[in-house]
Amino acid sequence: MLDKPLFGQQLPFKTSIPPARLVPWPVRAGLSAGLASLLSLLKKTLFKDVGWDDNVLPVPVFATVVAIVCTAKTRGGTYMNCWHVINGTIAGALGSALFLALLGDSVAAVIVTNSLIGAGVLYPRGIPVLAQKFAFGGSTICVWGVYENLDFRWQTLGVPLSAALGALAAVLVALAPETSAIRSVKREADKVVDFLEEALDDAVTAYAWRSDPSQREMLRARVTNSITQAEAHLSKLKEAARDARWERKVLIGFDMLTKPEKDRKSHKSKAEEFIPVLVEVSMSLKGMELALEGLNAVQVDRWHLLEGDAADERVKGRPAPMFDGDPEGSLAAVKDVAVQAMRDGIKPRRRDDANNSGQVAADLRESLARLDDVITEERKRHYAPSQAASDARETVARKALQANHLWIFAFQNLAEKLRAHHEPTWASSPGDTCQTCALAETSPAKPKKGPKGPMVDPRDEISALFNCNFRANSDQVLYAMKLSAACAVAAIVGWIVSENGSWAALAVSMVGTRESRAVGGSFNAALLRMQGTIFGAMFAYTIMSCVQGEHESLAGGARLILLAVFNFLCTFLRLNADYSYAGVVAAFTAYVVALGIPDGASTTEARAYAHLRIEQNLLGIVILVVIEVVLLPTFAHDAARRAASEATAAAEHAAEVVYDATVGTDCITCRDRAAKDAGGALDDLREKLATLNTLLVQAAAEPHLWSPKFPLEPYQRIATETESVRRVLGLMRAALTAMAHGGDRRGTTEGSGDPRRMIRELLSPTDGFVTDLRRAVKQRLGRASHDLAEGEGHWETKKAAASIARAQASLHRAFILHTLEIRVRYQAGEEDMFLPNHLMVPWHAFMSCTAVLALNVENLSQASWEALLAVKPPVGGDEEEDWEDEPEDDEPYSGGGGKYYDDDDDEEAAQWNLRKSSANGLDVMSNLFGDELLPMILPVVEQRLRDANWRLRESAILALGAVAEGCSGGLAQYVPQLIEFLVPSLDDARPMVRSIACWTLSRFSRWVVQMTFAPHPGDPAPPTAEQGKGFVNNILGGLLRRVVDHNKHVQAAACGALATFTQEIGEDVAPWLGPTVQALAQAIATYQRKNMRSVYDAVATLCESAGECVRTADVARALLPPLLQKWEAGGDAQPDLYNLLECVTSVVMGVGLGAQEYAAPMFARALQLARHQLALREQAKANPDSDVPYEPDRVVAALDLLSGVADGMGAACEALIAANAPALREVMVACVSDPYSPGIRRSAFALVGDAAKSGAGAHVAASLPQIFECAAANLQPKMVQAYNMSVCNNACWSAGEIALAFPPETVAPYVPALCGAFVQVLNMTMINRSLGENAAIALGRFAARCPEQLASGFGELCGPWCGALRRLRDGQEKEQAFAGLVRLVQLNPQGAVGDQMVSMMNAIASWQFVRDQTLHANLLQLMQGYEQMLGAEQWAQLANALGPAVQRKLGNFANINQKR
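Residues numbered from 1 in each chain as written. Predicted model: local features only at pLDDT ≥ 70, side-chain atom pairs only at ≥ 80, totals over all residues. Heavy atoms only, no water.

A. Spotlight on the overall build of the protein chain. Broken down by element type, the protein chain carries 55 helices and 0 strands. Within the protein chain, buried positions represent 53% of all 1460 residues. Within the protein chain, counting contacts between residues at least 6 apart in sequence, those at least 24 apart form 81% of the total. A total accessible area of about 62,900 Å² is found for the protein chain, and carbon and sulfur atoms account for 56% of it. (Helix = DSSP H or I, 4+ residues; strand = E, 2+ residues; numbered from the N terminus. Buried < 20%, exposed > 50% of the residue type's maximum accessible area, 1.4 Å probe, protein only. Contact = heavy atoms within 4.5 Å. Areas by Shrake-Rupley, 256 points an atom, 1.4 Å probe, with all protein chains shown as cover.)

Here it is in C-alpha cells:
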C-alpha cells in the first residue's frame, strides 16, 4: 500500500480493512434480507393451506430476493428499485395469468406463456432493465408454480405480494437518516467543489508562475489530477441526483397527504440545479489545463527563440504568461469570487438566497470588469511598437499568445457560467439581425404531433404508439425473440432432465435481461451468475450442515443471522461494479438454498438440493450462451467496432457543426444560434461514447477461441481521444458563444463600433482556411468511421492524415499574418483595429483549440487504424515496385456502345500506399519545421542518390520532391547540383525513376524560373540567366521526351510536370513553344483514354499561361485538329466530353483569331449540342421515370465553348453570332432560367457577357428582358448562397457588360430592378468578396450610363456601394465604377452627406494610381466641392472621423499619379 500523499491528497485508507464509510450499505442490506427472511418462518402456518413445491422458488423466499436486490446505497435508489421490481412483477404475474387462462396449465402452455411474456417485456427499450428482469422472472415463478399444481390465484397474487413485502423490508431499513439521497447530493457536491477549487487555485498559480517551467508543469499535473477527481465525484453526484428525484417524489406525495398546499416544499436542493454549471466549470478548467500545457511546450521546447541575451533581438510583446505575476490581483479576485459562487451554488436553500446570488453575481461582474481592463492594458503594451523580431521568434510568440488567450478565455468563461447561474434574469440584447435571423424569428414553429407529457419518450417504442409513428425495430425484435427462445429451450431441457424447468428458465430470464445486447455481455453475466450461484449455494449448504439442533427454531434463527452476515459480506462485492452482479446472486442464492431445503432434510439431501440448484443454473446459462453464439449472434467486438464507428461519425458531425458555426456570417445572432445547435451534436457524441464504453467492457470479456483477440487498447484509445475531441469542441463552441454574447456581458472597453464589422474584420481573412481544416477533419474522421464500419482498414484512409496537418499549418500561418496585420494597422493609426477583448480573446482561444483538435483527430484516426490492423491487414496494398515497360492495356474509347466504367481511373498510381504516405509525412513535416529537417534528411538522400539500387535512388528522388517546398530556403544553394542529377534520371531505364524524376523536377520549377527570367517585364535579367536557360532547355527537353514515353505512368507524370513548368514560365516559354506544341499534339493523337485528361490539362495550362506567344495560327493548326478529331471520333456521348471541350475552350481563348478557320464548325456543333441536351431535359421533365440520357455537364461544356469562341475572337465573332442568332437566343434564355443546375446558369451568364463584349449584343437584344429578369432573380437574398455564388458573380458581370455594350435607352427600363438587386447584395453581410466587387462595378457602369434613374436613391446606396468600391483593385473596372459614382454625385450631391461621406472618402483614399486623368480631375473636384459645401467645421469633423491614415492619403490625392 502507498503511504505517501498523491499530489497532496491522502489515500482513503492504508490497509486492506474497508473504511467505515463503506459499512452502512452492507449493514442495511443484511438487515433488509434478514427482515424479509423472517417470512419463511411462517411458512407452516400462514402458507400451509397453499402449499408449495421445492422444485419451484418458494414465494416467501422471493420476498427475500427482492429485499436484497432493492436495497441500494441511498433511500432514493431503494425507492427506484422497489418501483421497478414491483411493476415488473405485477406485469409478469398478470400477463402469465391471462395466458394460462387461455392456454391451460400443460407444460407446453407454461413454456409458451413464459416465452411470450419474455418477448413482450424485452422488446420495449423504455422499460428499465430491473423491471424486465422481474417481469420475466416473476412470470417464470408463476407459470411453473401453476404447473406444479399450486393454487392459481395464490401464484397470481402471492408473487406480487411477496415482492411488495420484500420491497417494504428494503424501504424500512432505508429510512435511516444517513441513507438520504438528498444528503448524498450535498456531500458529493461538496467534494466536487473542493476538487474544482484546488484545480482552479493551482491553475491560477501555474499561469502566473514564470521562472521555473518544471514547477509550472508540476502544478499543471496537480490541476489534471484535481479535475479527474472532480469528474469522478461529479458522476457520483449525478447518480445521487437521480436517486434524489425518486426520494423527492415520495416526500412530495407525503406532503400532499399530510400538509396544506401553502406548507408544502419542493425538496429540490440547489446542488441539483447546479450540476450543469459544475460540468461547464470542469470543461473550462480542462481548457486552462490545455493552455498551461501549450505554454510549457513553448517555453521548454523553443524558449531560446524568445529569451536570448540582452544583446539579442527581442520578440514583440510578452508571450508567456501574458501577465508578470498577477497585476492588481485581478486573477486572484476573480478566482476568489468564483470559488464563493461555487460554494453558494451548493448551499442549502435559505430565504435570502436571492440577495446572496445577486451579490455574488455583482462581485463576479465587478471582478471580471477589472480583469477585462487589465487584459486591455496588457494587449495595448503588446501592440506597442518595438524592435523587429525574426520570423521564428514571431511565430513562437504567436503560439505563446494563443495559449495565453486560451487560458484567459477559459478562466473568464468559468466565471461567466457561474455569473449566469446566479443572475438568471440576465439576457443579452438581440442587437442587429440579418435576414436569416429575421426569417427564423418570423417563421411560425411547426406544432409537434402526438400527446404531450412525461409518457412520450422518443427512445421508447411504447411512446411511439402514442405518437402514432410506431415502427418495428429489427434489432430489438431479434434481441427479444432470441432470449425468449433461450428461455424456452432451457425450460424444455430442464423439464426433460428433472421434470421441472423453472430454475433453468429463471437463470436465463435473469441473466439475459442484464444490460447486455451482445455475446460478450451475456458471457460476462453468465460467468458472474455462475460464480455467485456456486458461492451462495456452498455457503447455504455449509450452514445447513453445521447449524443443526434439537430446537428447530433456534437453529433457524442462527441460520438467518449467518445468512444476514453473509449478505453483509456479499454487499461489499457490490461496491465494485465489475463484481456487483456476482455479489447479488451469491446473496440471494444463499437464501434460496437455505430456505428451500425441506425441514428435517439430511446432509446428503441438503447437498443434493444445493447441487441441483447449481446444475439447473449451469444448464440455463449454458443454453443461453450457446443460443447467443449460434442463433444470429451479435458479438460484442463487432458491436464495439460499430459503436466506435458511430462515435467517430458523431465526432465528425460535431466538428463539422462547430466549424460551420465559425464561418459564413458576421451576424452575432446567427453565430449564437449555430453555437447552440452545436450543443445537440456534442450531446449525441456523449451518448455514443457511453455506448462504446459499455460495449468495450463486454468485448473484453467475450471469448475468442476461433477469432483474433479483441484489441482492447486501441479501442480504449479511440474512446479516450473521442472524449478529448468532445471536450475541445465544447471549448470551441463556448468560444463562439462568448464572441456572440461577450460584448453584452462585459461591455466593450475599447474598439467599440459596429459588431458586424468587427466580426468581419476579425474572421473573414481566415474563414477559407478554417473551411479547409473543416474539410480535412471531416474527411479524416469520415474515412476512419467508414473503415470501422466495414471492419477493414484502407490505405486510402492514410491519405487524409497529411491533409489535417497541412490545413492546420496553413490556418496557423494565415492566423499569424492576420494578427500581425491587425497590429501593424493599429500601430499605423487605425484605432478601430484594436478589437475588443470579447472578440480577440475567444478568437485566439478558438485558434488554439483548432491545433489541439487536429492533434486529437489524428490520434483518434491512428487508434482506429491500429484497431483494424490488429485484426486484419489493410486493403489495397502498395503499388508495384517495378512498373513493366508496356503500353496501356486498355482500348481507346470509340464512342460506340458498350458499358463504360468511370471509376475515376483505376490506375495503380492513384492508389494510396505506405510509400506515398511516407512522402506525404515528409511534406507535412517540412512545412512545419522547415529547414531544420535538412540536416537529418540530406545525408541519407545524398547517399542513396549514388546507390546502384534503383529503388533506393527512386526513394531519394521522392524524398527530395516531398521536402522541396517546405525546405525551400535551405535547398536553394543545392538546386544546380540537384538539377544536374535529376535531368539524366529522366532517361533512366526504370519507369518509376523516370516518373518520380518528372514530379520532383516540377517541384523545383519556381527556382529554375527565378534563376532564368526577370520577375517583371522590363526588369534586368538575373545574373544566373544563362545557366538557368540551360537548365530550362534540358528540363523541358527531357520532359517532352517523357511526354511521348511508351509507359502510361511516365506519360501522366510528364504531362503534370510540363503543366507546372509552363505555368511558372508563363510568356517566357516562347523559345520552346514549337517543340512543346508538337509533343502535346503527338500525345493527343496517340494517348489512350486513361491519360487523356493529363494531356488535356497540360494543353489548357500552356494556352492559358503563355499569353501572346500562343496567339498564332500555327499553334491552332497544331492543337485544334487532333482535339476536334477526338470529338468527331468519340461523338457527343463520350464520357470525357467535358474535359475535351474544356481543353478546346482553353485553346480557342488562347490562340484567339488563330482559330478563325475552325470557329464556324466548332460554334455550330457546340450550339447544336446545347440544344440537343436542352431538348433531352424537357423530355426528362415530361417523363420523370424514363431513362433519358440528359447530362447537365455537357450543356455546361457547350456553353463554355461558345463563350470561349466569343471571348477569343472578339469582334470577329459577330458574324457567327448573327448567323446563329435565333438558336443562340433560345439557348441563352433556356439556360439562364434553368431551375436545376447552377453550373448551367453560370456558364449561360458568361456567354451573355462575352457576346455583349464581342460587339454582337444587337443580335441578342430581343432576349434582354428575360436575361435581366433571371439575373435579378439570381441576386435575391435566398439565391445568394455558396452553391449559387458563381452564378451570382456572372449575373452581375454580364449585366455590367451589357450596360457598356448597349445604348442607355435600351437598358434604362431594367435599371431599377437590377440596381436594386445590386444594392441588396452590397447590403448583405459576410458576402463573397468577388460578388461584392462585381456588384459594385456593375452598379457603377449602370450609374455612368443611366444616372438619372439612380440619382434619387443615391443616399441609400452610397454607403454600401462605397464600402465595396474601397476594396477594388486599381484598374479599368474600378475607373468605370468610380465614373458612375461621380455622375451620381453631380446629380445629387446631398445624397452622400452624412454617414455616407465617410464611406465615400475611404473609397477615394483607396486609390494608388488613377490612369484616367479625367476621372482623377473629377474626384479632386468632388472633394473640393464637398469641402466648400460642408464648411470648415463639418469638414474638420469629417477628417477626425476618417483617421490619420486616410487624411494623409486624401491630402496627397492631387499628387497621387506623380508617384509613378
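Next comes the rest of the write-up.
B. Structural detail: a positive patch on the surface. Together, Lys73, Arg183, Arg187, Lys191 and Lys236 make up a positively charged patch on the protein surface. Sorting elements by how many residues they give to the positive patch places helix H7 (residues 181-208) first, with 3 residues. Accessibility expressed as a relative area gives 34% for Lys191, which makes it partly exposed. (Patch = residues over 30% accessible without salt bridge, like charges linked within 9 Å, V, L, I, M, F, W, Y side chains within 5 Å. Salt bridge = Lys/Arg side-chain N within 4 Å of Asp/Glu carboxyl O. Lys, Arg positive; Asp, Glu negative; His and termini not counted. Charge placed at Lys NZ, Arg CZ, Asp CG, Glu CD.)

C. Broad picture of the pattern of salt bridges. All told, the structure shown has 47 salt bridges when counted by the stated rule. Between Asp190 and Lys186 there is a salt bridge, and its shortest N-O distance comes to 2.7 Å. Note that Asp190 and Lys186 are positioned in helix H7 at a spacing of 4 residues, about one turn of the helix. A residue is classified by how much of its surface remains accessible, and Asp190, at 23% relative accessible area, is partly exposed.

D. Fine view of the packing of helix H46 (residues 1285-1301) against helix H49 (residues 1329-1345). Contact geometry of H46 with H49 gives a least axis separation of 8 Å together with a crossing angle of 20°. Between H46 and H49, the angle falls in the class roughly parallel. Judged by the sense of rotation from one axis to the other, the crossing of H46 with H49 is left-handed. Of the residues in H49, those touching H46 at Met1285, Cys1288, Asn1289, Cys1292, Trp1293, Ala1295, Gly1296, Glu1297, Ala1299 and Leu1300 are Ser1330, Leu1331, Asn1334, Ala1335, Ala1338, Arg1341, Phe1342 and Arg1345. Along the lines of polarity and charge, the residues of the contact of H46 with H49 split into 11 nonpolar, 4 polar and 3 charged. (Axes fitted to C-alpha atoms, helices over the stretch in contact; angles between N-to-C directions. Parallel < 35°, antiparallel > 145°, perpendicular 65-115°, else oblique. Left-handed = near helix turned anticlockwise from the far one by under 90°. Nonpolar A, V, L, I, M, F, W, Y, C, P; charged D, E, K, R; others polar.)

E. Spotlight on the side chain of Thr376. Structurally, the position occupied by Thr376 is in helix H11 (residues 353-383). Within the structure, the side chain of Thr376 is placed 2.7 Å from the side chain of Asn837, a separation counted as a polar contact. (Polar contact = N/O pair within 3.5 Å; in protein donor to acceptor, adjacent residues only side chain to side chain.)

F. Representation of the packing of aromatic side chains within the structure. Scanning the entire structure with this criterion turns up 14 aromatic pairs. Where Phe1268 meets Tyr1310, the ring centres are 4.9 Å apart and the plane angle is 50°; that geometry is what we call tilted. Here the residue Phe1268 occupies a position in helix H45 (residues 1264-1274), and Tyr1310 occupies one in the loop between helix H47 (1304-1307) and helix H48 (1311-1323), the gap between them amounting to 42 residues. Residue Tyr1310 is classed as partly exposed on the basis of its relative accessible area, which comes to 22%. An angle of 65° between the planes, with centres 5.2 Å apart, marks the rings of Phe1378 and Trp1407 as edge-to-face. You can see Phe1378 sitting in helix H52 (residues 1372-1387) and its partner Trp1407 sitting in the loop between helix H53 (1395-1405) and helix H54 (1413-1442), a full 29 residues away along the chain. Judged by relative accessible area, Trp1407 falls into the buried class, the value being 3%. (Phe/Tyr/Trp six-rings, centres within 6.5 Å; stacked < 30°, edge-to-face > 60°.)

G. Geometry of the confidence of the model for the protein chain. Looking at the protein chain as a whole, its pLDDT mean stands at 78, while 81% of the residues score no less than 70. Per-residue pLDDT stays below 50 along residues 884-910; that stretch engages in 47 contacts with residues further than four places along the chain or on separate chains. (pLDDT = per-residue confidence, 0-100.)

H. Quick look at the environment of Pro976. Turning to its location among the elements, Pro976 is positioned in helix H31 (residues 975-985). Sequence-wise, Pro976 and Met1011 are 35 residues apart; in three dimensions their C-alpha atoms are separated by 9.8 Å. Beyond its immediate stretch of four places on either side in the chain, Pro976 contacts Met1011, Gln1027 and Phe1031.

I. Up close: the packing of helix H37 (residues 1089-1105) against helix H38 (residues 1113-1130). Running from N to C, H37 and H38 cross one another at 145°; their axes reach a closest spacing of 13 Å. Note that H37 runs across H38; the crossing there is left-handed. The residues of H38 that touch H37, namely those facing Met1092, Tyr1096, Val1099 and Cys1103, are Leu1119, Leu1123 and Lys1126. Here the contact of H37 with H38 is composed, by residue class, of 6 nonpolar, no polar and 1 charged.

J. Structural detail: the nonpolar core. Ranked by internal contacts, the top residues of the largest apolar core, which has 200 residues, are Trp1361 and Met1400. Ignoring sequence-local partners within four residues, the contact set of Met1400 consists of Phe1354, Cys1358, Cys1362, Leu1381, Val1385, Ala1392, Leu1422 and Tyr1426. Listed in part, the 129 residues of the second largest apolar core include Phe409, Ala647, Val657 and Ala776. (Core = buried A, V, L, I, M, F, W, Y, C linked by side-chain atoms within 4.5 Å.)

K. A look at the side chain of Asn837. With respect to the secondary-structure elements, Asn837 resides in helix H26 (residues 837-869). A polar contact is formed between the side chain of Asn837 and the backbone oxygen of Asp372, at a distance of 3.0 Å.

L. Layout of helix H44 (residues 1238-1253). Its 16 residues place the ends of H44 23 Å apart at the C-alpha level, agreeing with the 22 Å of an ideal helix rising 1.5 Å per residue. Among the 16 residues that make up H44, 13 are buried, leaving the element largely enclosed by the rest of the structure. One or two positions beyond H44, positive phi appears at Gly1255, with a value near 90°. (Expected span 1.5 Å × (residues − 1).)

M. Geometry of a nonpolar patch on the surface. Side chains of Leu35, Leu38, Leu161, Leu165, Leu168, Leu172 and Leu175 sit close together on the surface and give an oily, nonpolar patch of about 590 Å² of accessible area. No other element matches the 4 residues that helix H6 (residues 152-173) contributes to the nonpolar patch. Relative to the assigned elements, Leu165 resides in helix H6. Judged by relative accessible area, which is 35%, Leu165 ranks as partly exposed.

N. How the structure looks around helix H1 (residues 24-37). Its 14 residues place the ends of H1 20 Å apart at the C-alpha level, agreeing with the 20 Å of an ideal helix rising 1.5 Å per residue. With 10 of its 14 residues buried, H1 lies for the most part within the structure. Residues of H1 that are buried: Trp25, Pro26, Arg28, Ala29, Gly30, Ser32, Ala33, Gly34, Ala36 and Ser37.

O. Seen up close, the environment of Arg1111. Within the element layout of this structure, Arg1111 appears in the loop between H37 and H38. In this view, Arg1111 contacts Met1149, Gly1150, Val1151, Gly1152, Leu1153 and Gly1208; residues no more than four positions away in its chain are not counted. Separated by 3.3 Å, the side chain of Arg1111 and the backbone oxygen of Met1149 make a polar contact.

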